[in-house]
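Residue-level structure breakdown
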Amino acid sequence: MESVCGGNLTVGSNPTLSAINSRRKEGHHESSRHPAMKAIRVHEFGGPEVLRLETVPDLQPGPGQVLVRVRAAGVNPVDTYIRAGQYARMPALPFTPGVDGAGVIESIGAGVAAIAAGERVYFGGTQSGAYAGQALCAEGQVHRLPDRIDFPEGAAIGVPYATAWRALFQRARALPGESVLVHGASGGVGLAAVQIAKAAGLSVLGTAGSAKGRELAGLHGARHVFDHGAAGYLDAVVAATGGRGVDVVLEMLANRNLGKVLKALAPGGRVVLIGSRGTVEIDPRDAMSRDASILGFVLWNASATDLAALYAGLGAGLDNGTLRPVVGRRLPLEQAALAHRAVLEPGACGRIVLLP
Ligand code: NAP
């Protein structure tokens, strides 16, 4: 696919999270034989400058674990919240950041049966951190990566695609034929949501703040695209639905938008709160008059059953080519601090990935 964002834009796939607590509880095994693995380490919470490149001992898988040779790691906004010490679930210091990645299984621990050394995988969640040359994962955190999806694309699957799937199907219960506004369609979650919704037969409307982001959302399946920085754009969204409003909103910046999007909902509409960076005032009557639902979630809360279902759905979409992860920028591992600054800047164009 051609780049529309100035970087090496590619399309491919992605996984989930559940690492932080398991990392804290289970620890990980380090080998003293090959002290040669590069990793980004955080010794104190703070700004991007606390991300330090270090050489650390190689890892060894324990029972039920697999060791992945990491070829690319995805950079999610949540990585920055954790690095800054501003998240509900925090790892113990020091730690290696990162939830998402892709690579090759290097070795497996006792009791691992479903996957073997040499297999290409992506992971959504790790027990040792993704910003490194190696990552330890529980067997259930790794998923096979189809051959046509490269490793950077694979690193763009986990959190974004799992979040988008859960928002659309497990929270909003979206149905084919319904309309969905992906409010923030240019980023990792947004582009995943556009692809997933389009493949499921929904009518997709998307927003982005840059012309390149809007072009990308259109390329990946949004039928109508809008500038979320433009005056009156939500009126244009409603007009595009023939005045009825949208059935579902996937909201990336609820603190700014929730009060407004309630007015753009169809009767029986659902708003799923995916991202929020502050508080917001709403008029409850906007929801009441539409029999509307406001649905929050964090991916960490998903049950093993729900995760298994959503990864099965993602696997099917990755296999049949309807899901094509988008990498907007590839940076060497040592530029993790730059990546953490960039992921919070406007003008998103898919996922930023780090290459160890
Ligand atoms: P990302 O790749 O950085 O993308 C951010 C998106 O937000 C971009 O599309 C951006 O558009 C958009 N945005 C900026 N200003 C906006 C506005 N005024 N209205 C609507 N959208 C706006 O981040 P991501 O990985 O997609 O994640 C999106 C959000 O969801 C983040 O806050 C993240 O922390 C959160 N999240 C939550 C969960 C969960 O479990 N609930 C899981 C994953 C992510 P432009 O750059 O084009 O302006």
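Because the structure is predicted, anything quoted here is derived from the model rather than measured.

1. Considering the site of the ligand
- In the vicinity of the ligand, 33 residues are found, and the nearest of them are Gly184, Gly187, Val189, Gly209 and Gly275.
- The residue inventory of the shell around the ligand, partitioned by class, reads 16 nonpolar, 16 polar and one charged.
- Per-domain counts for the shell around the ligand show at least three residues from each of domain 1 (15-157 + 325-355) and domain 2 (160-300).

2. Looking at the nonpolar core
- Val68, Leu168, Val180, Ala193, Ala197 and Leu250 are the most contacted members of the largest nonpolar core, which has 104 residues in total.
- For this core, the two domains that each supply at least three residues are domain 1 (15-157 + 325-355) and domain 2 (160-300).
- Every residue in contact with Ala197, bar those within four places of it in the chain, is listed here: Leu168, Ala174, Val180, Leu202 and Val204.

3. Side note on unusual backbone geometry
- Here the residue pair Leu93 and Pro94 is connected by a cis peptide bond, since its omega of -10 degrees sits within 30 degrees of zero.
- Following the sequence through the fold, Pro94 ends up in the loop between α2 (77-83) and β7 (100-108).
- At Arg173, a position not held by glycine, the phi torsion is positive, near 55 degrees.
- Within the secondary structure layout, Arg173 lies in the loop between α4 (158-171) and β11 (179-183).
- Even without being a glycine, Asp291 presents a positive backbone phi close to 50 degrees.
- Relative to the helices and strands, Asp291 resides in the loop between α9 (284-288) and β16 (293-296).
- Residue Asp291 is classed as exposed on the basis of its C-beta count, with 11 C-beta atoms lying within 10 Å.

4. Notes on the confidence of the model for the chain
- On average, the chain scores 92 in pLDDT, and the residues at 70 or more come to 90%.
- Under a pLDDT of 50 for its full length, residues 6-32 has, in the predicted model, 107 contacts with residues more than four places off or in other chains.

5. A short note on the sheet that holds β16
- Taking strand neighbours across the sheet as the criterion, the six strands line up as β13-β12-β11-β14-β15-β16 in an open arrangement whose pairing is parallel. Two strands lie at the open edges of the sheet, namely β13 (224-227) and β16, each paired on one side alone. This sheet shows a mean twist of 20 degrees between the axes of neighbouring strands, independent of strand direction.
- Relative to β16, strand β15 (residues 265-273) runs parallel, the two sharing four bridges. Paired with Arg270 across the two strands is Ser293, which belongs to β16.
- This element, helix α7 (residues 233-240), spans β11, β12 (203-208), β13 and β14 (246-251) of the sheet and lies at about 165 degrees to β13.

6. Describing the domain arrangement of the chain
- Looking at the chain, the domain boundaries give domain 1 (15-157 + 325-355) and domain 2 (160-300).
- Of the residues lining the interface, 16 residues belong to domain 1; the matching set on domain 2 comes to 14 residues.
- Here the side of domain 1 that touches domain 2 is composed, by residue class, of eight nonpolar, six polar and two charged.

7. Examining the packing of α4 against helix α5 (residues 188-199)
- At a minimum axis separation of 8 Å, α4 and α5 run at an interaxial angle of 55 degrees. Between α4 and α5, the crossing angle belongs to the class labelled oblique. Taken as a pair, α4 and α5 cross one another with a handedness that is right-handed. Where α4 approaches α5, its residues Pro160, Tyr161, Thr163, Ala164, Trp165, Ala167 and Leu168 are matched on the opposing element by Gly188, Val189, Ala192, Ala193, Ile196 and Ala197.

8. Remarks on the environment of Val194
- Along the polypeptide, Val194 turns up in helix α5.
- Taking the C-beta count within 10 Å as the criterion, Val194 has 30 such neighbours and is therefore assigned buried.
- On a C-alpha basis, the gap between Val194 and Gly221 in space is 5.9 Å, while along the polypeptide they are 27 residues apart.
- Leaving out residues up to four positions away in the same chain, Val194 has contacts with Val182, Ala185, Val204, Gly206, Ala217, His220, Gly221 and Ala222.

Criteria and cut-off values
- Residues numbered from 1 in each chain as written.
- Predicted model: local features only at pLDDT ≥ 70, side-chain atom pairs only at ≥ 80, totals over all residues.
- Near = placed C-beta within 6 Å.
- Nonpolar A, V, L, I, M, F, W, Y, C, P; charged D, E, K, R; others polar.
- Domains from an automatic or database assignment.
- Core = buried A, V, L, I, M, F, W, Y, C linked by C-beta atoms within 7 Å.
- Buried ≥ 20, exposed ≤ 12 C-beta atoms within 10 Å, placed from the backbone.
- Contact = placed C-beta atoms within 7 Å.
- Helix = DSSP H or I, 4+ residues; strand = E, 2+ residues; numbered from the N terminus.
- pLDDT = per-residue confidence, 0-100.
- Pairing = 2+ DSSP bridges.
- Axes fitted to C-alpha atoms, helices over the stretch in contact; angles between N-to-C directions.
- Parallel < 35°, antiparallel > 145°, perpendicular 65-115°, else oblique.
- Left-handed = near helix turned anticlockwise from the far one by under 90°.

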